[in-house]
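# A look at the structure
Listed below, chain by chain, are the residues.
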Amino acid sequence: MKINGKEYKIPEITFNVVCDLEDLGISLAEFQKKPIGAIRGFVALAMKGDLEQAGKELEQHIINGGNFEEITKEVGDAIQESDFFRSLQEGQKAKATKGTKQAK
């Protein structure tokens with residue numbers, strides 16, 4: 001992703017990255033409720049874990065006429081391409097399906 005003319009790479013979403021995000025106070029489960037905080041968290045990870053610097057970079061990005069659209073797309077793509085995250089989703093779907101079948 002490009003922020004203020006600098007390229008940053010979103011890390012692959014693994015178990016450890018999810019834990020790192022949670023250590024930064026970011027929960028993927030709340031991505032829809034707090035998207036700006038989640039974006040800052042992902043940018044911080046790309047910047048080696050510095051939330052304060054990530055916030056400053058994002059603020060300057062917006063002030064300089066940028067937006068969150070491309071960053072949000074790249075974060076969303078990273079989540080969807082994550083083997084770990086897909087496995088979590090599939091496990092939750094299987095559990096929900098099993099619970100529905102048992103309820104009948």
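Let me sum up the structure you'll find in this document. (Residues numbered from 1 in each chain as written. Predicted model: local features only at pLDDT ≥ 70, side-chain atom pairs only at ≥ 80, totals over all residues. Heavy atoms only, no water.)

### Thoughts on the nonpolar core
- Core analysis: the biggest nonpolar cluster contains 27 residues, and Met-1, Ile-13, Leu-28, Phe-42, Val-43 and Ile-71 have the highest contact counts within it.
- Secondary-structure elements contributing two or more residues to this core are helix 1 (15-23), helix 2 (35-46), helix 3 (51-63) and helix 4 (69-81).
- Counting residues per element, this core draws most heavily on helix 2, which supplies 7 residues.
- If near-sequence neighbours (up to four positions away) are discounted, Met-1 is found in contact with Lys-6, Glu-7, Tyr-8, Ile-10, Val-43, Ala-46, Ile-71 and Glu-74. (Core = buried A, V, L, I, M, F, W, Y, C linked by side-chain atoms within 4.5 Å. Buried < 20%, exposed > 50% of the residue type's maximum accessible area, 1.4 Å probe, protein only. Helix = DSSP H or I, 4+ residues; strand = E, 2+ residues; numbered from the N terminus. Contact = heavy atoms within 4.5 Å.)

### Digging into the environment of Phe-84
- Mapped onto the secondary structure, Phe-84 falls in helix 5 (residues 83-103).
- Look at Phe-84 and you get partly exposed, because its relative accessible area is 25%.
- With residues near it in sequence (within four places) discarded, Phe-84 still touches Ile-13, Thr-14, Phe-15 and Val-18.

### Focus: the packing of aromatic side chains
- All chains considered together, the criterion is met by 1 aromatic pair.
- Look at Phe-15 and Phe-84: their rings are 5.8 Å apart centre to centre, the planes differ by 80°, and that puts the pair in the edge-to-face class. One end of the pair, Phe-15, is in helix 1; the other, Phe-84, is in helix 5, with 69 residues separating them in the sequence. (Phe/Tyr/Trp six-rings, centres within 6.5 Å; stacked < 30°, edge-to-face > 60°.)

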